[in-house]
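What the coordinates show
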Amino acid sequence: MKIVRFMFSAMMTLLISAAYAENPIAFGPYIQNITDGSAIICWSTYKTEVGIAGPDGGKTKKLYDHHELPLTRLKHDTEYSYDVLRDGSEYGKGTFKTFPEKIEPFSFVVYGDTRSDSVIHQKIVDLAIKEKPRLVINTGDLVASGLEIDDWEIFFDVNRQLMKNVPYYPVLGNHEKDADYYFEFFNLPGNERYYEFFVGDVLFLMLDSEGSDFGKPEYVKNDDYYWSNYQKDYFEEQREWVENMLDLHKDAGYVFAFFHKPLISLMSRRAPGSKQHRAFWAETFEKHDVQAVICGHDHHYHRAQSDEGLTMITSGGGGASLYNTDITSPETKLHKKVNHLIRVDVGENEATLKVIDIEGNEIETFTLPKRKPYRQRRN
Ligand SMILES: [Fe+2]
């Protein structure tokens, strides 16, 4: 009887309203998957709105239709403007520039863990816009919960002015929760879980530290569990793919790899997992002279360098509350508990990385040399 009463009190009423009429665009438009000859314009429109009432009050949930317009046969290094509405309003307008065909200097911006403070996230986005990057990378944990449409609504609202003009390349974080929304809203190369793209002779390796079995109980219980258990096949497969990419693109001038979880952590509760992550991956990157592995997950800025010369960066200061550290590492070059982004200028002979705090102040600037030609590297 108790159960029946509970069921009645929790019973929800469902109200379906008319489709959202005002501005038909809900998310976007935004640019995805640019190459030197193609791009994809994405946007979502309101489909309908559902009112839900229960013992804890009322709530409205919106449903969306997602749209993608692939554009091919574009000219390289060329600006295009578009308008997905053509109704005289600004909502549907944007401008993007295809990637260069040849090797030439360009800049990109990196930050991550934007998930839970939209005010800070907005400031980071505004800073990123000022830097006029060719592309933006998010090191994961874009939203507080990838399963909640409300969180994606905030994410796309905050990013509206940036993403309509600049292609956005994320990696999966644990907070994405392997949700369908992530794969629906982003159109990324390859299998979208891990993928690569090029700008000139710069190879970007966008990798997955979370795994495809994220929702399994063992993972939830212990997020390091996968290293010795069922996730191992997935990571071995991914590492083989990375090895193939690095073999195939031996002549790339620069290689930047991105994960959500860092290869080194200054938090004792996370250090064992990071050690396993690093033990699995670092040799691959060191062997191939990858310039830097840039990650998120720990909410601060941390730059470290291995004895083998691998630069390991944690950039997780995009909006989630900042973390304290409780251990140190002799490999640390700089650590700062700060909201920030990284601007990377890829030049002819070196890449310059400038770390900028949320007020626009420089935290540090350092350079990473271009890779030597493959034959010289092996001698
Ligand atoms: Fe995370």
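Just so you know, these numbers come straight off a predicted model, no measurement behind them.

For helix H2 (residues 118-130), which comprises 13 residues, the first-to-last C-alpha distance of 18 Å matches the rise-based estimate of 18 Å (1.5 Å per residue) to within 8%. Along H2, the positions that sit buried rather than exposed are Ile120, His121, Ile124, Val125, Leu127 and Ala128. Axial view of H2: buried residues confined to an arc of 160°, hence all on one face. Counted as exposed and oriented over 90 degrees from the buried face of H2: Val119 and Lys130. Looking at the packing, one finds that the buried side of H2 touches strand S7 (106-111), helix H3 (149-158), helix H4 (160-163), strand S17 (340-346) and strand S18 (350-357). Where H2 begins, the capping side chain belongs to Asp117, and its oxygen is found 3.0 Å from the backbone nitrogen of Val119. Looking one or two residues beyond H2, the residue adopting positive phi is Lys132, at roughly 50°.

Take the confidence of the model for the chain next. Low-confidence regions, as indicated by low pLDDT, have predicted coordinates that should not be scrutinised in detail. Per-residue pLDDT for the chain has a mean of 89; in total, 89% of the residues score no lower than 70. Note that pLDDT drops below 50 for residues 1-21; the model gives that stretch 25 contacts with residues more than four away or on any other chain.

The next thing to look at is the coordination of the iron ion. Protein ligation of the iron ion involves Asp141 (OD), Asn174 (OD1), His260 (NE2) and His297 (ND1), the donor distances falling in the range 2.1 to 2.2 Å. Between the four donor atoms coordinating the iron ion, the angles at the centre fall across 86 to 162°, so the site counts as irregular. Binding-site remark: the iron ion is held by donors from one chain whose sequence spacing is D-x32-N-x85-H-x36-H. Of this pair, Asp141 sits in the loop between strand S8 (135-138) and H3 while His297 is found in the loop between strand S13 (292-295) and strand S14 (301-305), placing the two residues 156 residues apart along the sequence. Overall, the relative accessible area of 1% leaves Asp141 in the buried class.

All right, on to the environment of Ile363 then. One can find Ile363 in strand S19 (residues 362-369). You can call Ile363 buried: its relative accessible area is 16%. Each residue touching Ile363, except ones within four places of it in the same chain, is listed here: Leu334, Lys336, Val338, His340, Val355, Ile356 and Asp357.

Counting 74 residues, the largest nonpolar core has Phe108, Phe204 and Phe256 as the members making the most contacts within it. Per-element tally for this core: the top contributor is strand S3 (residues 39-54), with six residues. Two domains each provide a minimum of three residues to this core, namely domain 1 (14-101) and domain 2 (103-378). In this structure, Leu246, Leu263, Ile264 and Leu310 belong to the second largest nonpolar core, which totals 25 residues.

Right, let's talk about the packing of H2 against H3 for a bit. Where H2 meets H3, the closest approach of the two axes is 9 Å, and the angle between their N-to-C directions is 30°. Of the possible angle classes, the one that applies to H2 and H3 is roughly parallel. As for how H2 packs across H3, the hand of that crossing is right-handed. From H2, Ser118, His121, Gln122 and Val125 reach across to H3, where they touch Ile154, Phe155 and Val158.

A few words now on the pairing of S18. As defined by bridge partners, S17 adjoins S18 across seven bridges and the pair is classed as antiparallel. Looking across to S18, one finds that His340 is bridged to Asp357. The antiparallel hairpin formed by S17 and S18 contains three residues in its connecting segment. Pairing analysis gives seven bridges linking S18 to S19, with the strands arranged antiparallel. Bridge assignment links Ile356 to a residue of S19, and that residue is Glu362. Between S18 and the antiparallel strand that follows it, S19, lie four residues; Gly360 among them carries a positive phi value of about 90°.

Analysis parameters
Residues numbered from 1 in each chain as written. Predicted model: local features only at pLDDT ≥ 70, side-chain atom pairs only at ≥ 80, totals over all residues. Heavy atoms only, no water. Helix = DSSP H or I, 4+ residues; strand = E, 2+ residues; numbered from the N terminus. Expected span 1.5 Å × (residues − 1). Buried < 20%, exposed > 50% of the residue type's maximum accessible area, 1.4 Å probe, protein only. Arc of directions from axis to C-beta. Contact = heavy atoms within 4.5 Å. Polar contact = N/O pair within 3.5 Å; in protein donor to acceptor, adjacent residues only side chain to side chain. pLDDT = per-residue confidence, 0-100. Donors = N, O, S within 2.8 Å, 3.2 Å for Na, K, Ca; no water. Tetrahedral: all angles 85-135°; square planar, octahedral: opposite > 155°, others 65-115°. Core = buried A, V, L, I, M, F, W, Y, C linked by side-chain atoms within 4.5 Å. Domains from an automatic or database assignment. Axes fitted to C-alpha atoms, helices over the stretch in contact; angles between N-to-C directions. Parallel < 35°, antiparallel > 145°, perpendicular 65-115°, else oblique. Left-handed = near helix turned anticlockwise from the far one by under 90°. Pairing = 2+ DSSP bridges.

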